[in-house]
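Observations on the three-dimensional arrangement
In case you want the letters, here they are:
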Amino acid sequence: MTRTISILGATGSIGASALDLIRRERGKWRVVALTANGNAEQLAKLAREFDAEIAVVAHEDALPALREGLSGTAIETAGGAAALVEVASRPVDITIAAIVGCAGLAPTMAAIEQGKTVALANKEALVSAGDVMTAAVVRTGATLLPVDSEHNAIFQCLQGGKIEDVRWITLTASGGPFREWSQDQLEAATPKQAVAHPNWDMGAKISVDSATMMNKGLEFIEAHHLFPVGLDRLRIIVHPQSIIHSMVEYRDGSTLAQLGPSDMRVPIASTLAWPARMDTPCAPLDLASIGNLSFQATDEQRFPATRLAREAAEAGGAAPAVLNAANEIAVAAFLDGQIKFTQISAIVARMLESALPPAPASLDEVLGVDEAARRQTRELLVSA
Ligand code: NDP
């Protein structure tokens with residue numbers, strides 16, 4: 001049976017991994033929408049290859065290039081934020097939400113409104129919208145499947161278990177490229193060094209988040225919404241090999257872990273085939289050659305981001321959306337060479353210390369909090 005699929009953020013790292021799996025089982029899928037921000041050339045190439053119904057660029061300036069790239073085909077084209085939301089509303093069996101940042105929130109919410117399956121990679125959307133998104137999932141009857149490797153691992157470890165029997169959920173963290181770096185070295189870390197992750201090949205923003213450990217902080221908040229065991233039952237442990245992707249400990253003392261190669265095609269495949277399984281081209285785990293799996297506590301002195309995220313989750317309300325917006329702006333400024341690596345978390349901390357707006361209760365209110373926090377963070381950057 002053919003299933004229909006849309007991929008929001010098709011030109012990114014997650015988009016490429018998802019399309020690689022679809023390419024291998026071409027006959028089983030009909031691609032409806034593929035989207036990008038401004039990379040019209042790559043989007044047109046993918047839309048042609050997968051014979052998509054429609055290709056959309058968020059950045060309207062890229063629309064002429066997209067039209068040009070798809071001339072002579074019957075593939076529809078569109079551009080702009082409203083078009084992105086419209087296309088995410090088109091009925092499909094499964095949407096892969098893989099836009100980076102809060103820019104993916106409105107289209108992800110539009111996909112959820114269909115009441116079908118949404119495979120969520122775009123963690124910033126859930127961090128910012130939190131209860132607003134989970135309430136929409138409940139209201140529409142949509143199925144939200146986690147793509148993030150940690151949450152996908154937890155989801156798998158919870159199959160057959162009861163959430164009330166969970167004692168701990170442990171998120172594993174690689175520790176990123178700077179795990180062993182001193183504070184002085186961190187002060188001088190460059191964007192090139194920050195995006196060179198030891199285990200995973202990812203987009204630039206999440207790579208920097210891994211280096212600051214904010215990625216784990218965002219995942220902590222994401223886990224809080226996906227698996228409501230209570231914040232005091234969620235913890236983070238550094239596991240440099242990235243083989244165990246997360247663990248669930250039950251009240252009888254049994255701990256279940258999901259292991260796999262550091263390849264996002266594994267969790268993506270789990271969402272594409274769920275509740276069944278599908279083949280992937282990933283090499284089987286060779287534990288004998290890996291040899292050792294090691295663990296260590298997080299160091300919140302050098303990497304304060306996990307503490308900031310935990311505090312934002314505890315504060316609730318607008319705090320997670322402010323944390324996320326401040327982090328997005330600070331990471332972009334670091335990648336642009338405007339601020340030092342260590343200033344990223346410092347700026348996020350300053351934003352969380354400022355007067356926070358009331359808790360957002362709707363998508364528009366979340367977007368309002370996000371916009372205001374971005375503006376305020378930019379002002380802070382000017383004075384930094
Ligand atoms: P990339 O930067 O590789 O790709 C991002 C995608 O989003 C691209 O298609 C990009 O288009 C599009 N995009 C960027 N900005 C906008 C915007 N303003 N409006 C609409 N579309 C936009 O990111 P990743 O694939 O690495 O990450 C995507 C999401 O998945 C993130 O939330 C990340 O945290 C999460 N994730 C990623 C993992 C990974 O291994 N990469 C692992 C787990 C989660 P264009 O190419 O035109 O810029």
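Higher on the page you've got the structure.
The sections below set out a description of the structure shown in this document. (Residues numbered from 1 in each chain as written. Predicted model: local features only at pLDDT ≥ 70, side-chain atom pairs only at ≥ 80, totals over all residues. Heavy atoms only, no water.)

**With respect to the pattern of salt bridges**
- Counted by the stated rule, this structure contains 26 salt bridges.
- The closest approach of N and O atoms between Arg-90 and Glu-76, which form a salt bridge, is 3.2 Å. A residue pair is termed long-range when its members are at least 10 positions apart, and Arg-90 in the loop between α4 (81–88) and β5 (94–97) and Glu-76 in strand β4 (residues 76–79) qualify at 14 residues.
- Judged by its relative accessible area of 38%, Glu-76 falls in the partly exposed class.
- Between Arg-251 and Asp-165 there is a salt bridge, with the nearest N and O atoms lying 2.7 Å from each other. Pair noted here: Arg-251 is in the loop between β10 (244–250) and β11 (255–259) and Asp-165 is in the loop between α8 (149–158) and β8 (166–173), with a separation of 86 residues, a long-range link.
- You can call Arg-251 exposed: its relative accessible area is 60%.
- Linked through salt bridges whose partners overlap, the residues forming this network are Asp-20, Arg-23, Arg-24, Glu-49, Asp-263 and Arg-265. (Salt bridge = Lys/Arg side-chain N within 4 Å of Asp/Glu carboxyl O. Helix = DSSP H or I, 4+ residues; strand = E, 2+ residues; numbered from the N terminus. Buried < 20%, exposed > 50% of the residue type's maximum accessible area, 1.4 Å probe, protein only.)

**Focus on the environment of Pro-91**
- In this structure, Pro-91 sits in the loop between α4 and β5.
- The exposed category is assigned to Pro-91, whose relative accessible area is 66%.
- Sequence separation of Pro-91 and Lys-116 is 25 residues, and the distance between their C-alpha atoms is 8.2 Å.

**Points about unusual backbone geometry**
- At the junction of Trp-274 and Pro-275, the peptide bond is cis and its omega measures out at 5° in the coordinates.
- Residue position: Pro-275 is located in the loop between α13 (265–273) and α14 (287–290).
- Positive phi, close to 50°, is recorded for Asp-51, a residue that is not glycine.
- Its place among the elements puts Asp-51 in the loop between α2 (40–50) and β3 (54–57).

**Section: the packing of helix α12 (residues 214–226) against helix α15 (residues 305–315)**
- At a minimum axis separation of 7 Å, α12 and α15 run at an interaxial angle of 20°. It follows that α12 is roughly parallel to α15 by the angle criterion. Of the two possible hands of crossing, α12 and α15 adopt the one that is right-handed. Along the contact surface, α12 presents Met-214, Lys-216, Gly-217, Leu-218, Phe-220 and Ile-221, while α15 presents Ala-305, Thr-306, Ala-309, Arg-310 and Ala-313.
- In terms of residue class, the contact of α12 with α15 is made up of 7 nonpolar, 2 polar and 2 charged. (Axes fitted to C-alpha atoms, helices over the stretch in contact; angles between N-to-C directions. Parallel < 35°, antiparallel > 145°, perpendicular 65-115°, else oblique. Left-handed = near helix turned anticlockwise from the far one by under 90°. Contact = heavy atoms within 4.5 Å. Nonpolar A, V, L, I, M, F, W, Y, C, P; charged D, E, K, R; others polar.)

**Remarks on the sheet that holds strand β1 (residues 3–8)**
- Within the open sheet, the 7 strands sit side by side as β4-β3-β2-β1-β5-β6-β7. Their pairing is parallel. Each end of this open sheet is capped by a strand with a single partner; those strands are β4 and β7 (143–146). With strand direction ignored, the average angle separating the axes of adjacent strands in the sheet is 20°.
- Sheet analysis places β1 next to β5, joined by 4 bridges and oriented parallel. (Pairing = 2+ DSSP bridges.)

**Describing the nonpolar core**
- Among the nonpolar cores identified, the biggest contains 59 residues, and Leu-323 and Phe-341 are the most heavily contacted of them.
- Among the elements that make up this core, the one with the highest residue count is helix α16 (residues 319–335) (11 residues).
- Setting aside residues up to four positions removed in sequence, Phe-341 forms contacts with Phe-178, Leu-186, Ala-189, Ala-194, Ala-211, Thr-212 and Phe-334.
- Among the nonpolar cores identified, the runner-up in size contains 39 residues, and Ala-36, Phe-50, Ala-52 and Val-57 belong to it. (Core = buried A, V, L, I, M, F, W, Y, C linked by side-chain atoms within 4.5 Å.)

**Examining the packing of aromatic side chains**
- Applying the stated rule across the entire model yields 4 aromatic pairs.
- For the pair Phe-178 and Phe-341, a centre-to-centre distance of 5.0 Å together with 85° between the ring planes defines the contact as edge-to-face. With Phe-178 in the loop between β8 and α9 (183–187) and Phe-341 in helix α17 (residues 341–353), the pair connects residues that are 163 residues apart, well separated along the chain. In terms of burial, Phe-178 and Phe-341 fall into one category: buried. (Phe/Tyr/Trp six-rings, centres within 6.5 Å; stacked < 30°, edge-to-face > 60°.)

**As for the site of the ligand**
- With respect to spatial proximity, 25 residues lie near the ligand, and among them Thr-11, Asn-37, Gly-38, Asn-39 and Glu-124 are the closest.
- Ser-13 places a polar main-chain atom, nitrogen or oxygen, 2.9 Å from an oxygen atom of the ligand.
- Gly-38 has a polar backbone atom sitting 2.8 Å from an oxygen atom of the ligand.
- A total of 900 Å² of accessible area belongs to the ligand in isolation, and the protein chains cover 85% of it.
- Taken together, the elements giving at least two residues each to the shell around the ligand come down to α1 (13–24) and α6 (123–129). (Near = heavy atom within 4 Å. Polar contact = N/O pair within 3.5 Å; in protein donor to acceptor, adjacent residues only side chain to side chain. Areas by Shrake-Rupley, 256 points an atom, 1.4 Å probe, with all protein chains shown as cover.)

Worth remembering: the numbers are spatial, not functional.
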